[in-house]
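Architecture and fold: a report
The primary structure of each chain is shown beneath.
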Amino acid sequence: MSDNVKTPDPDVTLVRELLEANRRSKTMFAAVSLGIFDALKDQPKTLATLAAELNCNADALERLLDANIGVALLEKSSAGYKNRSAANKYLTSTSPQRLTGYIKYSNDVLWKLWGHLEDAVREGKHRWTQVYGWDGPIFTNFFRDEVAKRDFLFGMHGYGLLSSPEVVAAFDLSRFKTICDLGGATGHLTIAACERYPSMRGIVFDLAAAAPLAREIVGESKVADRIQIVEGDFFADELPKADLYAVGRILHDWSEVKIKLLLKRIYDRLPTGGGLLIAEKLLNADKTGPGWAQMQSLNMLVCTEGKERTLAEYEALLKSAGFKTVDGRTTNSPLDATLAVK
Ligand SMILES: C[S@@+](CC[C@H](N)C(=O)[O-])C[C@H]1O[C@@H](n2cnc3c(N)ncnc32)[C@H](O)[C@@H]1O
């Protein structure tokens, strides 16, 4: 290296890195949305072929394709552009491991809510009204039409497939006979629990709007004969009988008043010795990390009534509902596990 080439100031590197982070996300979002990774799923294609197939301006598309090489999702050779393994596994709409639902939902919906983060911080409230003019219960926004509902639930499902096997393995749950996953959506947690514990039966409990997708996904699983889908409102309807309830990414959606109401309903329905398994990413005790949980907590600010919490904060809520013991385990997946016992 010549003497006059200076090592960049790490402080400016950090700031530039953060400045560019949303551009890199959008580079991936746009490629998913335009169908680039789907188009390249089976074979490499040239720029001209892709531009014709995707109905895009060739010069602009070339910039997006090359930028996706820059973010390590594509590569190119004399045969044309080709998906790298991350794109084939997680960014094609037919892959069983796809995260495209969450990406589509991030691109179409969350991106706009995050655009008003400053206002959310000033007012301490989500941005649905400001961005879309909607002021109803939050899940009517997520479920406003069939397409939005499937995008949201498949978005949850993609992350659920990564997390649920680790969450159900974080504790030995073999003593429980029936797990009832409240707000269980597509049923990934119930499926993972029934797969890991061969004598366990499962109930996916969710709003009527979510039930058809749960039937579809559970029906395709190897443990469908042990799982029931029940429609209902966990704040109002009688909860199905179970000795283990689960709430995955539920508590972080709601205000403390509603969390207390839900925990009380669960506690009252459980037999002594029954459990509650919480799947949420735990913040460190002093909330300095992990980064994923901090980002998720801001995400909850812009689109829900809730937030992420530390284990001690969950413990305080659970103990005030009457639970005797509370134990937390971090996992290497997007969600951690907390088990409370009555
Ligand atoms: C953020 S998603 C989490 C889904 C799932 N537990 C997971 O981790 O993938 C919240 C879920 O709660 C459901 N839900 C919201 N309000 C509900 C209510 N009052 N009663 C039952 N389910 C509800 C939604 O339909 C949705 O499936």
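Keep in mind it's a predicted model, so treat the numbers as computed, not measured. Numbers given to residues run from 1 along each chain, matching the order in which its sequence is written. The model is predicted, so local features are restricted to residues of pLDDT at least 70 and side-chain atom pairs to those at 80 or more, both for listing and for counting; the totals for chains, interfaces and linings are taken over all residues. Remark: hydrogens and water are excluded; side-chain values derive from all non-hydrogen atoms of the structure.

Overview of helix α10 (residues 146–169)
Short version of the rule: Going along the chain from the N terminus, every DSSP run of H or I of four or more residues is numbered as a helix, and every run of E of two or more is numbered as a strand. Expected span, for any helix, means 1.5 Å times one less than how many residues it has. Note that bend, as reported per residue, equals the angle between axes fitted to the 7 residues terminating at that residue and the 7 residues originating from it. Polar contact is defined as a pair of N or O atoms within 3.5 Å, subject to the rule that within protein one atom must be able to donate a hydrogen and the other to accept it, and that residues adjacent in sequence are counted only when both atoms are side-chain atoms.
The end-to-end C-alpha separation of α10 is 33 Å, in line with the 34 Å expected for 24 residues at 1.5 Å each. Along α10, the helix axis deviates most sharply at G160, where the bend reaches about 45 degrees. Capping the start of α10, D145 holds a side-chain oxygen 3.1 Å from the backbone nitrogen of V147, two or three residues further along.

Notes on the layout of surface pockets
To keep things clear, this is the line we draw: Cavity means a closed set of points on a 1 Å grid over the protein atoms alone, one where a 1.4 Å probe fits but cannot get out, pocket means an open set with protein on both sides within 12 Å along at least 5 of 7 lines, and lining means a residue has an atom within 4 Å of a point. Grid points are joined across faces, edges and corners, and a volume is the space filled by probe spheres set on the points. Three residue categories are used. Nonpolar comprises Ala, Val, Leu, Ile, Met, Phe, Trp, Tyr, Cys and Pro, charged comprises Asp, Glu, Lys and Arg, and polar comprises the others, including Gly.
Here the largest pocket defines a volume of roughly 1,000 Å³. Surrounding the largest pocket, 25 residues form its lining, A21, S25, F29, W114 and M295 being those nearest its centre. The set of elements that each furnish at least two residues to the lining of the largest pocket consists of α1 (10–34), α6 (100–114) and α14 (291–303). Considering every element that reaches the lining of the largest pocket, the biggest residue donor is α1, with seven residues. Across the lining of the largest pocket, the residue classes break down as 18 nonpolar, six polar and one charged. Taken as a whole, the second largest pocket spans an internal volume of roughly 650 Å³. Residue assignment for the lining of the second largest pocket shows that the elements contributing at least two residues are α6, α9 (138–142), α10, α11 (188–196) and α14.

A word on the site of the ligand
Our working definition: Proximity is defined per residue: any heavy atom of the residue falling within 4 Å of a molecule or strand makes that residue near it. Note that accessible areas follow from Shrake-Rupley with a 1.4 Å probe, and for residues the cover is restricted to the protein chains shown. Assignment to a cavity or pocket requires that more than half of a molecule's atoms be within 2 Å of the site's grid points.
The environment of the ligand is formed by 19 residues, the closest being G183, H188, D206, F234 and G248. In the environment of the ligand, an oxygen atom lies 2.9 Å from a nitrogen or oxygen atom belonging to the side chain of R249. Starting from 590 Å² of accessible surface for the ligand in isolation, the protein chains cover 97%. Spatially, the ligand is embedded in the second largest pocket. Among the elements that take part in the shell around the ligand, α10 stands out by supplying three residues, more than any other.

Remarks on the domain arrangement of the protein
Condition: Boundary definitions for the domains trace back to an automatic or database domain assignment.
Its domain assignment divides the protein into domain 1 (10–90) and domain 2 (156–341). A separation of 35 Å is found between the C-alpha centroids of domain 1 and domain 2.

Details of the environment of R144
Counted only if it meets this: What makes two residues a contact is simply this: any of their non-hydrogen atoms within 4.5 Å.
Tracing the backbone shows R144 in the loop between α9 and α10. For R144 and W114, which are 30 residues apart along the polypeptide, the C-alpha to C-alpha distance reads 19 Å. When residues no more than four places from it in sequence are discounted, the contact partners of R144 are V109 and W134.

Points about the nonpolar core
Here is the rule: Here, nonpolar core refers to any group of buried Ala, Val, Leu, Ile, Met, Phe, Trp, Tyr and Cys residues whose side-chain atoms link them within 4.5 Å. Think of it in three bands: with a 1.4 Å probe and only protein chains considered, a residue is buried below 20% of the maximum accessible area for its type, exposed above 50%, and partly exposed in between.
Core analysis: the biggest nonpolar cluster contains 61 residues, and I266 and L276 have the highest contact counts within it. A31, I36, L61 and L99 belong to the second-largest nonpolar core, a separate cluster that totals 22 residues.

Looking at unusual backbone geometry
Here the residue pair G289 and P290 is connected by a cis peptide bond, since its omega of -10 degrees sits within 30 degrees of zero. Although it is not a glycine, N55 adopts a positive phi angle of roughly 60 degrees. In this structure, A185 is a non-glycine residue whose phi angle is positive, near 55 degrees. With respect to the secondary-structure elements, A185 resides in the loop between β3 (178–182) and α11.

With respect to empty space enclosed by the protein
Using the criterion set out here, one finds one cavity of 30 Å³ or more in the structure. By volume, the largest cavity is sized at about 30 Å³. Residue lining of the largest cavity: R249, H252, E280, K281, W292, Q296, E308, P334 and L335, and that is the complete set. Among the residues forming the lining of the largest cavity, the class breakdown is three nonpolar, two polar and four charged.

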